[in-house]
Amino acid sequence: YYSTKASSTNVPMPTGVNLGSWLSLEDWFYVGDNGAVEVASPDDAIAAACLPPLHLDSSTGPRWNSETDLLSGLAQHYKEEMDKEDETQTTLGGYPNNRKQSLGPFGKAIKAIHAFRSSYIDFEKELGTMASLGIKHVRVPVSWCWTDTDIDPDLHLVTKNETDPNNDSWIYMEEEEVLEKYTCIDPFYDGVRWPAIPRGLVQRFLRACADHGIGATLDIHTYPGGTSIGTFSGVWPRYSRFWTHGDVPALDKGETPDVGRQILKNFIAYLESLAVKDPHAFRGFRALSPMNEPAHLATLYNGNPPIRTDRETFLPPLPSDKAAEYLNELNAGLESKPQLTKVPDGNHLRVMLWLRDAIDAFRQSSLPSMDKELHVNVHESLFPSEVLPKQEIKSDYGLNQAPMQLFGAWWRASTTPEERAKWAVLDIHHYYAWGPQCSGAVEGPPAGRFACSDDENRELVIGSCGAWASVYRSTIEKECEVGLKLASAEFSASTHHSIRHACNDVTTLKMMLETQVRMAATADVELFWWSYKMPYGGAFRSAWSLKHLLYLLGVLSQPDEELFHCGDHIPAKGEPEDGSI
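Bear in mind the structure is a predicted one, so any value in this text is a computation, not a measurement. (Residues numbered from 1 in each chain as written. Predicted model: local features only at pLDDT ≥ 70, side-chain atom pairs only at ≥ 80, totals over all residues. Heavy atoms only, no water.)

Thoughts on the state of the cysteines
Then step 1. Inspection of every chain in the model, using the stated rule, returns four disulfides.
Then step 2. Between the sulfur of Cys-50 and that of Cys-566 lies a disulfide, 2.0 Å long from S to S. Between Cys-50 and Cys-566, the S-S dihedral sits near -95°, and the bridge is therefore left-handed. Separated by 516 residues along the polypeptide, Cys-50 in the loop between strand S3 (16-18) and helix H1 (67-88) and Cys-566 in the segment after helix H17 (546-552) bring together distant segments of the chain.
Then step 3. Judged by relative accessible area, Cys-50 falls into the buried class, the value being 0%. (Disulfide = S-S within 2.5 Å. Helix = DSSP H or I, 4+ residues; strand = E, 2+ residues; numbered from the N terminus. Buried < 20%, exposed > 50% of the residue type's maximum accessible area, 1.4 Å probe, protein only.)

Set out below in structure tokens:
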């Protein structure tokens, strides 16, 4: 699971990368040169400052927390601009910007977001570079909101007026039509919309992957209501409602449509249709990931100290009768097998049940028979400490066998040995950055286990913590059996979640990359780097952008950067505004 194509520089390469924050946005990718602080933005922070090329700073749009926050903020920005232009009747850059002669606020917002999506990746060049590095797989986080009304890679928001004898006027799509075709209503909030992903854009990408011998995993990173806490949920700073407002009514009363499960079933059906409608794109599709980090941080955001004591948990328990029924299913036959772990009762059963149904939906499709895989992601923060098997040695996630034992027990009950050997892949993300036993900091303990300049201790900690991959495999195999497929679809070279504390010297970053890639390969755990590029991520890039790290290591000739600035532009006196949007 690693490539030696970069052997001339003695840099082992993972065979998988993420294209993060392209089709499912995260704020910290867009903080600019001066905005990098925390990977996971605190509750009261608004970190993102841009979405190039059309939104660059405060003059072109708002700061934003998440994808839905960005869409509404851009629409409000354009509305205010149009109100101003209706009064002054100017034509910025030759383009009318009033309500009669331009797109509406949401039309302009969608156009700005699509301008980013369609220009962020040069399919031919960047996929070619990945292939030359030995990268065989790419994971693409996507939102749940897709448009099926436009299969063309370009949005038809503005078209030529063919009836105009002078051929110099345009027809602008009405705001209601824009909202209907290119946004999705979040059913769990009032007035919240998501920007839809054009299927044609993704299929064009998949065809390019096929041409370069790269297999793409489509990861449904977000769902309506948000399945987890944080900016990557797509709805932040709103509190997660997927489990409380979506899953609870659907399971407990049976009267409300099961939005989450239906979205997944529809997505699977769409992927099946590609085999016939677009076989070229289907060849580029490798795997589906049904949900990213389900109910991440449910242990902390549970209505109790130290966090969010003013709110109830966003992951409620199953009804007692349904929980008992599911526990019987999970633990059936274990009375005579004391060496195997039993799954305990708790709120985590709601997530496990949802993922069990996701596995079954994939199982019943034609995708397994066409050699496509299902990568099922889980996260250790799902479990409160009181339900975990007891561990004698204090250790970070990854080295801590307790949550892995529970996931292994659940995986054993949810899949068959044949499925685990062929198409069912368990995926647990792993980062050093959040582990007090494995993290490093420029100032050393207690901010980190080692100081970046402490050569001996740094090598000892990074090396010993690299054993997480072998712990992962051995723990899951004890619950299941040998020969199963395991992945860790997110890892990086970061030693600390705060960029101001993290080690950013090239020696440490190279050691982090090399150690994790080699030890995961030994344990037969497939790795995906998070993320391949983040040109507007400022100081985050050194440890989180593989493209930028490879530049620092001398493997690539160009840094991970683009032509545009992000967030820190100070307009010169008399500088013209951009009215083209």
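Looking at helix H9 (residues 320-330)
Then step 1. When we look at burial in H9, the residues that qualify are Ala-323, Tyr-326, Leu-327 and Leu-330. Around the axis of H9, the buried residues are gathered within 105° of arc, so they sit on the same side. The exposed set on the far side of H9, more than 90 degrees from its buried face, consists of Asp-321, Glu-325 and Asn-328.
Then step 2. On its buried face, H9 is in contact with helix H10 (348-363) and helix H11 (401-414). (Arc of directions from axis to C-beta. Contact = heavy atoms within 4.5 Å.)

Notes on the packing of H10 against H11
Then step 1. Running from N to C, H10 and H11 cross one another at 35°; their axes reach a closest spacing of 11 Å. In terms of crossing hand, the pair formed by H10 and H11 is right-handed. On H11, the residues touching Met-352, Leu-355, Arg-356, Ile-359 and Arg-363 of H10 are Leu-406, Trp-410, Trp-411 and Ser-414.
Then step 2. In the contact of H10 with H11, the residues fall into six nonpolar, one polar and two charged. (Axes fitted to C-alpha atoms, helices over the stretch in contact; angles between N-to-C directions. Left-handed = near helix turned anticlockwise from the far one by under 90°. Nonpolar A, V, L, I, M, F, W, Y, C, P; charged D, E, K, R; others polar.)

A look at the side chain of Ser-498
Then step 1. Within the element layout of this structure, Ser-498 appears in the loop between strand S17 (485-491) and helix H15 (506-522).
Then step 2. Apart from residues no more than four positions distant in its own chain, Ser-498 is found in contact with Val-37 and Glu-38.

A short note on the packing of helix H6 (residues 242-252) against H10
Then step 1. Here H6 crosses H10 at 70°, and the two axes come no closer than 12 Å. Considering the angle they form, H6 stands roughly perpendicular to H10. As H6 runs across H10, the sense of the crossing is left-handed. Here H6 contributes Phe-242, Trp-243, Asp-247, Val-248, Leu-251 and Asp-252 to the contact with H10, which in turn contributes Arg-350, Val-351, Leu-353 and Trp-354.
Then step 2. The residue inventory of the contact of H6 with H10, partitioned by class, reads seven nonpolar, no polar and three charged. (Parallel < 35°, antiparallel > 145°, perpendicular 65-115°, else oblique.)

A closer look at a nonpolar patch on the surface
Then step 1. On the surface, a nonpolar cluster with roughly 210 Å² of combined accessible area is contributed by Val-506, Tyr-551 and Leu-552.
Then step 2. The exposure class of Leu-552 is partly exposed, given its relative accessible area of 32%. (Patch = residues over 30% accessible without salt bridge, like charges linked within 9 Å, V, L, I, M, F, W, Y side chains within 5 Å. Areas by Shrake-Rupley, 256 points an atom, 1.4 Å probe, with all protein chains shown as cover. Salt bridge = Lys/Arg side-chain N within 4 Å of Asp/Glu carboxyl O.)

Some remarks on the pairing of strand S12 (residues 285-289)
Then step 1. Most of S12 is tucked away: five of the five residues are buried.
Then step 2. With four bridges joining them, strand S11 (residues 215-220) and S12 adopt parallel strand pairing. Bridge assignment links Asp-219 to a residue of S12, and that residue is Ser-289.
Then step 3. Note that S12 and strand S13 (residues 373-378) share two bridges and pair parallel. Bridge assignment links Ala-287 to a residue of S13, and that residue is Glu-373. (Pairing = 2+ DSSP bridges.)

Digging into the packing of aromatic side chains
Then step 1. In total, this model carries 30 aromatic pairs according to the counting rule given.
Then step 2. Between Trp-28 and Phe-540, the aromatic rings sit 5.2 Å apart at their centres with planes inclined by 85°, giving edge-to-face as the arrangement. Note that Trp-28 is positioned in the loop between S3 and H1 and Phe-540 in the loop between strand S18 (525-529) and helix H16 (541-544), a separation of 512 residues in sequence. For the pair Trp-28 and Phe-540, a shared accessibility class is recorded, and that class is buried.
Then step 3. Members of the aromatic cluster, connected to one another through ring pairs, are Trp-28, Phe-29, Tyr-30, Trp-64, Phe-116, Tyr-120, Tyr-431, Trp-434, Trp-530, Tyr-536, Phe-540 and Trp-544.
Then step 4. The aromatic ring of Tyr-270 is capped on one face by Arg-199, whose charged end is 4.3 Å from the ring centroid.
Then step 5. Note that Lys-533 overlies the ring of Tyr-120, its terminal NZ or CZ placed 4.6 Å from the centroid. (Phe/Tyr/Trp six-rings, centres within 6.5 Å; stacked < 30°, edge-to-face > 60°. Lys NZ or Arg CZ within 6 Å of the ring centre and 35° of its normal.)

Focus on the environment of Asp-560
Then step 1. Its location among the elements puts Asp-560 in the segment after H17.
Then step 2. By relative accessible area, Asp-560 is classed as buried at 0%.
Then step 3. Asp-560 sits 433 residues away from Leu-127 along the chain, and the two C-alpha atoms are 15 Å apart.
Then step 4. Not counting residues up to four positions away in its chain, the partners in contact with Asp-560 are Lys-533, Met-534, Pro-535, Arg-541, Ser-545, Lys-547 and His-548.
Then step 5. Side-chain polar atoms of Asp-560 contact the side chain of Ser-545, separated by 2.7 Å. (Polar contact = N/O pair within 3.5 Å; in protein donor to acceptor, adjacent residues only side chain to side chain.)

Things to note about the nonpolar core
Here is a general trend for soluble globular proteins: nonpolar side chains tend to be buried in one another's company.
Then step 1. By size, the foremost hydrophobic cluster in this structure holds 167 residues, and its most contacted members are Trp-22, Tyr-30, Phe-205, Leu-288, Trp-410 and Trp-544.
Then step 2. It is H10 that contributes the most residues to this core, 10 residues altogether.
Then step 3. What Leu-288 contacts, discounting residues up to four positions off in sequence, is Thr-217, Leu-218, Ile-220, Leu-264, Phe-267, Ile-268, Leu-271, Phe-362, Glu-373, Leu-374 and His-375. (Core = buried A, V, L, I, M, F, W, Y, C linked by side-chain atoms within 4.5 Å.)

Details of unusual backbone geometry
Then step 1. Cis peptide bonds are those with omega within 30 degrees of zero, and the linkage from Trp-236 to Pro-237 qualifies with 15°.
Then step 2. Locating Pro-237 in the fold gives a position in the loop between S11 and H6.
Then step 3. Not every positive phi belongs to a glycine, and Ser-21 is a case in point at roughly 55°.
Then step 4. Even without being a glycine, Ala-295 presents a positive backbone phi close to 55°.
Then step 5. Mapped onto the elements of the fold, Ala-295 is located in the loop between S12 and H9.
Then step 6. Judged by its relative accessible area of 0%, Ala-295 is buried.

A look at the side chain of Glu-175
Then step 1. Locating Glu-175 in the fold gives a position in helix H4 (residues 175-182).
Then step 2. Only 2.6 Å separates the side chain of Glu-175 from the backbone nitrogen of Phe-106, close enough to count as a polar contact.
Then step 3. The residues contacting Glu-175, other than those within four sequence positions of it, are Gly-104, Pro-105, Phe-106 and Gly-107.

Observations concerning the sheet that holds S18
Whether parallel or antiparallel, the strands of a sheet pair through hydrogen bonds between backbone atoms.
Then step 1. Within the closed barrel, the eight strands sit side by side as S3-S4-S11-S12-S13-S14-S17-S18. Their pairing is parallel. The average undirected angle you get between the axes of adjacent strands in this sheet is 30°.
Then step 2. Here helix H5 (residues 199-211) sits on the sheet and contacts strand S4 (137-142), S11 and S12; the angle it forms with S11, its principal contact strand, is near 150°.

A word on the environment of Asn-457
Then step 1. Locating Asn-457 in the fold gives a position in helix H13 (residues 455-465).
Then step 2. Distance from Asn-457 to Gly-440, taken between C-alpha atoms, is 9.9 Å for residues 17 residues apart in sequence.
Then step 3. Leaving out residues up to four positions away in the same chain, Asn-457 has contacts with Arg-449 and Phe-450.

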